[in-house]
Amino acid sequence: RLFSRAIEHSPNTVVITDRAGVIEYVNPKFAETTGYACAEAIGANPRLLKSGKTTPEQYARLWQTIASGGEWRGEFHNRRKDGTLYWELASIAPIRDDSGAITHFVAVKEDITRRKKIEAALRASELKYRNVFAAVGDAILMLDNRDGRILDVNPAACKLYGYSRDELLALRDR
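Only a predicted model underlies this, so the values are computations on that prediction, with no experimental measurement involved.

About the thresholds
- Residue indices follow the written sequence of each chain, beginning from 1 at its first position.
- The predicted origin of the model limits local features to residues at a pLDDT of at least 70 and limits the giving and counting of side-chain atom pairs to 80 or more, whereas totals for whole chains, interfaces and linings rest on all residues.
- Excluded from the side-chain calculation are hydrogens and water; included are all heavy atoms of the structure.
- The numbering of helices and of strands both runs from the N terminus, where a helix is a DSSP run of H or I of at least 4 residues and a strand a run of E of at least 2.
- Contacts are residue-level and defined by heavy atoms, with any inter-residue pair within 4.5 Å sufficient.
- Residues adjacent in sequence count toward polar contacts only when both atoms are side-chain atoms; beyond that, a polar contact is any pair of N or O atoms within 3.5 Å, and within protein one must be able to donate a hydrogen and the other to accept it.
- For salt bridges, the criterion is a side-chain nitrogen of Lys or Arg within 4 Å of an Asp or Glu carboxyl oxygen.
- The buried label applies to any residue whose accessible area, calculated with a 1.4 Å probe on protein chains only, is under 20% of its type's maximum; exposed applies above 50%, and partly exposed to all values in between.
- Multiplying 1.5 Å by the residue count of a helix minus one yields the expected span of that helix.
- By definition, the arc is the one covered by directions from the helix axis to the C-beta atoms.
- If DSSP finds at least two bridges between two strands, the strands pair.
- Angles here are taken between N-to-C directions and fall from 0 to 180 degrees, while the axes themselves are lines fitted to C-alpha atoms, restricted in helices to the stretch in contact.

Asker: Would you mind showing me how to read the environment of Lys109 here?
Answerer: Relative to the assigned elements, Lys109 resides in strand S5 (residues 102-111). Each C-alpha atom, one on Lys109 and one on Pro11, is 9.3 Å from the other, the two residues being 98 residues apart in sequence. Once residues within four sequence positions are removed from consideration, Lys109 is found in contact with Asn12, Thr13, Val15, Leu49, Glu88, Leu89 and Ala90. At 3.3 Å, the side chain of Lys109 and the side chain of Glu88 are in polar contact.

Asker: Explanation requested: the pattern of salt bridges in the structure shown.
Answerer: It is possible for side chains of opposite charge to pair when their charged atoms get near one another. Counted by the stated rule, this structure contains 15 salt bridges. Across the pair Asp111 and Arg80 runs a salt bridge, and its minimum N-O distance is 3.0 Å. Taken together, the positions of Asp111 in strand S5 and Arg80 in the loop between strand S3 (72-79) and strand S4 (85-96) put the pair 31 residues apart, joining distant regions of the chain. Across the pair Glu88 and Lys109 runs a salt bridge whose closest N-O atoms are separated by 3.3 Å. Here Lys109 lies in strand S5 and Glu88 lies in strand S4, a separation of 21 residues in the sequence. Taking the relative accessible area as the measure of exposure, Glu88 reaches 1% and is therefore buried. Residues joined by salt bridges that share partners form a network here, namely Asp144, Arg146, Asp147, Arg149 and Arg172.

Asker: Teacher, can you tell me more about helix H5 (residues 113-135) here?
Answerer: Residues spaced three or four apart along an α-helix face the same direction, because each turn holds 3.6 residues. Taking 1.5 Å of rise per residue, the 23 residues of H5 would be expected to cover 33 Å, and the 33 Å separating its terminal C-alpha atoms lies within 8% of that figure. Of the residues making up H5, those classed as buried are Thr113, Lys116 and Phe133. On its buried side, H5 packs onto S3, S4, S5, strand S6 (141-143), strand S7 (150-153) and helix H6 (155-161).

Asker: What is the right way to look at helix H4 (residues 56-67) in this model?
Answerer: Here H4 is twelve residues long and its end C-alpha atoms lie 16 Å apart, about the 16 Å a rise of 1.5 Å per residue gives. For H4, the set of buried residues is Gln58, Tyr59, Leu62 and Ile66. Down the axis of H4, the sector holding all buried residues measures 100°, keeping them to one side. For H4, the exposed residues set more than 90 degrees away from the buried face come down to Pro56 and Gln64. Among the structural elements, S3, S4 and S5 are those in contact with the buried residues of H4. Looking one or two residues beyond H4, the residue adopting positive phi is Gly69, at roughly 100°.

Asker: Would you take a moment to explain the pairing of S5 for this structure?
Answerer: Consecutive residues of a regular strand have side chains that alternate between opposite faces of the sheet. For strand S1 (residues 13-18) and S5, the ladder comprises six bridges, and the chain directions are antiparallel. Looking across to S5, one finds that Val15 is bridged to Ala107. Taken together, the nine bridges between S4 and S5 define a ladder with antiparallel strand orientation. Each residue of the ladder has a partner; that of Arg96, found in S5, is Ile102. Where S4 hands over to S5, the hairpin turn is made up of five residues, of which Gly100 adopts a positive phi near 95°.

Asker: Please explain the side chain of Lys116 as it appears in this structure.
Answerer: Checked against the element boundaries, Lys116 lands in helix H5. Of the residues examined, Lys116 reaches a relative accessible area of 18% and is grouped as buried. Contact partners of Lys116, with chain neighbours within four places excluded, come to Glu75 and Trp87.

Asker: What is the right way to read the sheet that holds S3 from this model?
Answerer: Hydrogen bonds between backbone groups are what pair the strands of a sheet, and the pairing can be parallel or antiparallel. The strand order S2-S1-S5-S4-S3 describes an open sheet built from five strands, whose pairing is antiparallel. Edge strands, defined here as strands with exactly one partner in the open sheet, are strand S2 (23-26) and S3. Averaged over all neighbouring strand pairs, the angle between strand axes comes to 30°, with direction disregarded. Its contacts with the sheet put H4 on S3, S4 and S5, and the angle it makes with S3 is roughly 140°.

Structure (structure tokens):
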């Protein structure tokens, strides 16, 4: 009972399929994350979440790994029932019977959409910073204040000091 309650209340999505990939169990978090009622998912294939954003090669590697008895870890860009896209971090592993034969697969998945959005915003911010850093006409050197190591320079600094970027990064400000 404790195990069952733990799965039912897990903060992660749990999906159990048979060997052919037909869904036999989903926990309530699945319905919350995907918008599909548990009853809609039972008997379906996890393909109902496909967005077309995950490559066929990734799915092939996944199936090759789990069918041979290994655990697969990776990310999916899936589609909810309402059509919105979301990201999942998944761990999928075989379930074996007493003789060691694979009978089912279990997937434990975490919705990482928020994290992906934050990462994208950070990348965009970094790109903006890099563009401004490179375009500024004044020489800029970024230093490590502990040891004087030059961490970064802009093109104006290279021009002013007469060194290439790599040459300046090899120096220390003393």
